[in-house]
Number of protein chains: 4
Amino acid sequence: MEILAICGSVRAGSFNAMVVRTLPLLAPAGMKIVAAPSIESVPTYNADLQANGFSNVVLQIGDAIHKADGVIIVTPEYNYSIPGILKNAIDWVSRLPDQPFKNKPIALQSASQGVLGGVRAQYHLRQILVFVEGLVLNKPEVFISGVQNKADASHGELTDGSTRDLIKQQLHAFETFVRGIKRNAIE
Amino acid sequence: MEILAICGSVRAGSFNAMVVRTLPLLAPAGMKIVAAPSIESVPTYNADLQANGFSNVVLQIGDAIHKADGVIIVTPEYNYSIPGILKNAIDWVSRLPDQPFKNKPIALQSASQGVLGGVRAQYHLRQILVFVEGLVLNKPEVFISGVQNKADASHGELTDGSTRDLIKQQLHAFETFVRGIKRNAIE
Amino acid sequence: MEILAICGSVRAGSFNAMVVRTLPLLAPAGMKIVAAPSIESVPTYNADLQANGFSNVVLQIGDAIHKADGVIIVTPEYNYSIPGILKNAIDWVSRLPDQPFKNKPIALQSASQGVLGGVRAQYHLRQILVFVEGLVLNKPEVFISGVQNKADASHGELTDGSTRDLIKQQLHAFETFVRGIKRNAIE
Amino acid sequence: MEILAICGSVRAGSFNAMVVRTLPLLAPAGMKIVAAPSIESVPTYNADLQANGFSNVVLQIGDAIHKADGVIIVTPEYNYSIPGILKNAIDWVSRLPDQPFKNKPIALQSASQGVLGGVRAQYHLRQILVFVEGLVLNKPEVFISGVQNKADASHGELTDGSTRDLIKQQLHAFETFVRGIKRNAIE
């Protein structure tokens, strides 16, 4: 089972990127987690641009989603919603022919330096994913608060034990969820 | 009274841009409505970029908001939320020192080619504007459905009579709302 | 396949109740749709009351959900959200041991006399159903606007052809959705 | 200045009711905070009932809102939204002639035993209050997490120092907010 992790932040020292880097260490046996192409170079969406074709990075992200058995979106919260840069990437991908998110199993994670762990971003993201017909795991939800105290910036990894345990539980639940959806797609 | 109109779409033939162009014709005497600098060239947000300073377009949008007595945001709905490109512009502006949206009167309008007129985008936008402490007009709300049949693309303007009337009512209510907030700021 | 329809309105001439009554006529062969016990007599929630046990109507609704292969919630929108009376029924049911909504396939419909068809209620309901771990169908979404012109009050049924077609499409999609979830539960 | 506090929970030992009881101790000089009539005996909403007139408790709550200079709603979160019982009370009040919430200054507080402090309830409540045209304070927001460790159940009061300070700050901001709105209403 191959899972694609999309990161909603593009700064070099991003805590959410640290979470993405830590995911493979927490995955159950048989689940391979790979990072999606960075959304950094996705152009700002404009239907006039789209008329000239999709840029390579959008095509690559779309292909990676298609190939994957499931997607994990790991994102900060900006201004009580998802980052514009992440929404913009979704806006592009959602216009691809054979829309990649359709019926794709998706799990959500968010990390913030505050006490609420990005909760407001995740419910906006869930509403967005209704439109593109993603199949989003309900629980366990992963909201990582105070992430600056739960990561080792020098190694670039999430170190907090209980957070790692929660993520393991989510990945385990997601494995079952993905397997069920794959089975249905075959029959 | 000077009101700044920010458009959430950047394509050349944007129906929301048509609405923005029509606003000055519908404004009450004494309300001047000017279009904000286009959000098209706002770079995608990255805190590492911000460390090197804000780009000119972000500074210009921030200054225009500061100078204005109120702001009208006119936006399409993409994927059941606001466009990533609009959210990205807000993400940049919200990091400016002396944050421009704080205590600024704001009215919302959305136009779509579907039957719901962008309603889902507006409630996400309202939540985002809580963070930046905008003062958002409650009613009348302006959701323009089937906008392709309510505009004259050759003249680039909104032509539908009842939609123009609804916008006039909102602008009139907004004028009273802005005046009250200005008075409080002085005292 | 047996599907339970829960109605969010309790007034005698409710348009949403008309939709519920029409559902069996629109269901695919092999799908039986039955109305849930009315939520009218569910007491207002109070944890102190719960300490004395669940009322019969709550137990009956819970049992009906358990027995059903899937649930359709048909509701008006009150004050930009779901009716308090519907939320209150969910609040009670969600406290039942062996929580009935967990992993239950759910489809949503809303009808209103306005132009937006209850759209705001459905996204609040989707967020609520994340907590109780319902599995909610993405599309097609059913928002019935101007329902007073789409129903025959004397017969108490929904008569509008295109609305009936849309509901048929949703029921067909829901049948496939329910079948997939049942198969996974068995394996 | 008289402020009305509405509590979203009706159980005897409610932590949110403890917050309401503590508010008068935290109010700035010149702000009197009184508890609204309990929402416990508000009947479940039904338009057929309404046709026979409003019950006394609904009329009393409506009058209390009318008389108050502002309203504070203090509520738990049930199932990722506001309690059905609170929504039901709002559904009744919103139907009163001369709708009481219109242009009324409103502040929000929520308390929960979990780590998120009821955040999801508050954004649903903000959307509901757009419909009834309440004027809702933006910040500071008050989300009280782990409230069972911040209250003294034997005295029935909120004891945690930093939470009390946050509430003081909100009440101070609300006082300024209410004063501005009153001034505008007069002119």
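Here's what I pulled together on the structure shown here. Residues take numbers from 1 onward in each chain, read along the sequence in its written order. Chain letters start at A and ligand numbers start at 1, both assigned in the order the entries are written. Local features are withheld for residues below a pLDDT of 70 in this predicted model, meaning they are given only at 70 or higher, and side-chain atom pairs are given and counted only at 80 or more; totals for whole chains, interfaces and linings count all residues. Think of the side-chain values as coming from all heavy atoms in the structure, minus any hydrogens and water.

## Considerations on the relation of the copies chain C and chain A
So, step 1. Least-squares fitting of chain C to chain A yields an RMSD of 0.0 Å, with the superposition described by an axial translation of 0.0 Å and a rotation of 180°. One copy is carried onto the other by what is essentially a two-fold rotation axis.
So, step 2. Comparing interface residues between copies, 100% of those in chain C also lie at the interface in chain A; the contact surface is shared. The copies are overlaid by a least-squares fit using only the C-alpha atoms of residues whose pLDDT is at least 70 in both copies. Only heavy atoms enter the contact rule, under which two residues are in contact if any of them lie within 4.5 Å.

## Thoughts on the environment of Gly53(D)
All names here are of chain D.
So, step 1. In this fold, Gly53 is placed in the loop between α2 (47-50) and α3 (56-67).
So, step 2. Residue burial is assigned from relative accessible area. The probe radius is 1.4 Å, only protein chains are included, and a residue is buried under 20% of its type maximum, exposed over 50%, and partly exposed in between. Given the relative accessible area of 33%, Gly53 is considered partly exposed.
So, step 3. Along the backbone, Gly53 and Ile6 are 47 residues apart, and their C-alpha atoms lie at a distance of 23 Å. Strands are runs of DSSP state E lasting at least two residues, helices are runs of H or I lasting at least four, and both sets are numbered from the N terminus onward.

## Examining the packing of aromatic side chains
So, step 1. Aromatic rings from Phe, Tyr and Trp, with only the six-membered ring used for Trp, were paired whenever their centres fell within 6.5 Å, and each pair was classed as stacked if the ring planes differed by under 30 degrees, edge-to-face if by over 60, and tilted otherwise. Taken as a whole and judged by the stated rule, the model has 28 aromatic pairs over all chains.
So, step 2. Their ring planes at 70° and their centres at 5.8 Å tell us that Phe54(A) and Trp92(A) sit as a pair that is edge-to-face. Within this pair, whereas Phe54(A) is found in the loop between α2 (47-50) and α3 (56-67), its partner Trp92(A) is found in helix α4 (residues 84-93), the two being separated by 38 residues in sequence.
So, step 3. On the basis of relative accessibility, which here comes to 21%, the residue Phe54(A) falls in the partly exposed class.
So, step 4. Taking the relative accessible area as the measure of exposure, Trp92(A) reaches 1% and is therefore buried.
So, step 5. Between Tyr78(A) and Tyr45(B), the aromatic rings sit 5.6 Å apart at their centres with planes inclined by 90°, giving edge-to-face as the arrangement. Here Tyr78(A) is found in the loop between β3 (70-75) and α4, whereas its partner Tyr45(B) is found in the loop between β2 (32-35) and α2 (47-50) on a different chain. For the pair formed by Tyr78(A) and Tyr45(B), the shared burial category is buried.
So, step 6. In textbook terms, an aromatic cluster arises when at least three aromatic residues are bridged by ring pairs, as seen for Tyr45(A), Phe54(A), Trp92(A) and Tyr78(B).
So, step 7. Its end group placed over the ring of Tyr45(A), Arg95(A) keeps NZ or CZ at 4.4 Å from the ring centre. Each ring is checked for a lysine NZ or an arginine CZ that lies within 6 Å of its centre and within 35 degrees of its normal; such an atom marks a charge sitting over the ring.

## Let's talk about helix α1 (residues 15-26) of chain D
The periodicity of an α-helix, 3.6 residues per turn, causes residues three or four places apart in sequence to face the same way.
Residues and elements named next belong to chain D.
So, step 1. By this rule, a helix spans an expected 1.5 Å times one less than how many residues it contains. Between its first and last C-alpha atoms α1 spans 16 Å; for twelve residues at 1.5 Å apiece the expected length is 16 Å, and the two agree.
So, step 2. Most of α1 is tucked away: nine of the twelve residues are buried.
So, step 3. Looking only at α1, the buried set comprises Phe15, Asn16, Ala17, Met18, Val19, Val20, Thr22, Leu23 and Leu26.
So, step 4. We define a polar contact as two N or O atoms separated by no more than 3.5 Å, with the added condition that, inside protein, one atom must be a possible hydrogen donor and the other a possible acceptor, whereas residues neighbouring each other in sequence contribute only through side-chain atom pairs. The backbone nitrogen of Asn16 lies 3.1 Å from a side-chain oxygen of the residue at the head of α1, namely Ser14.

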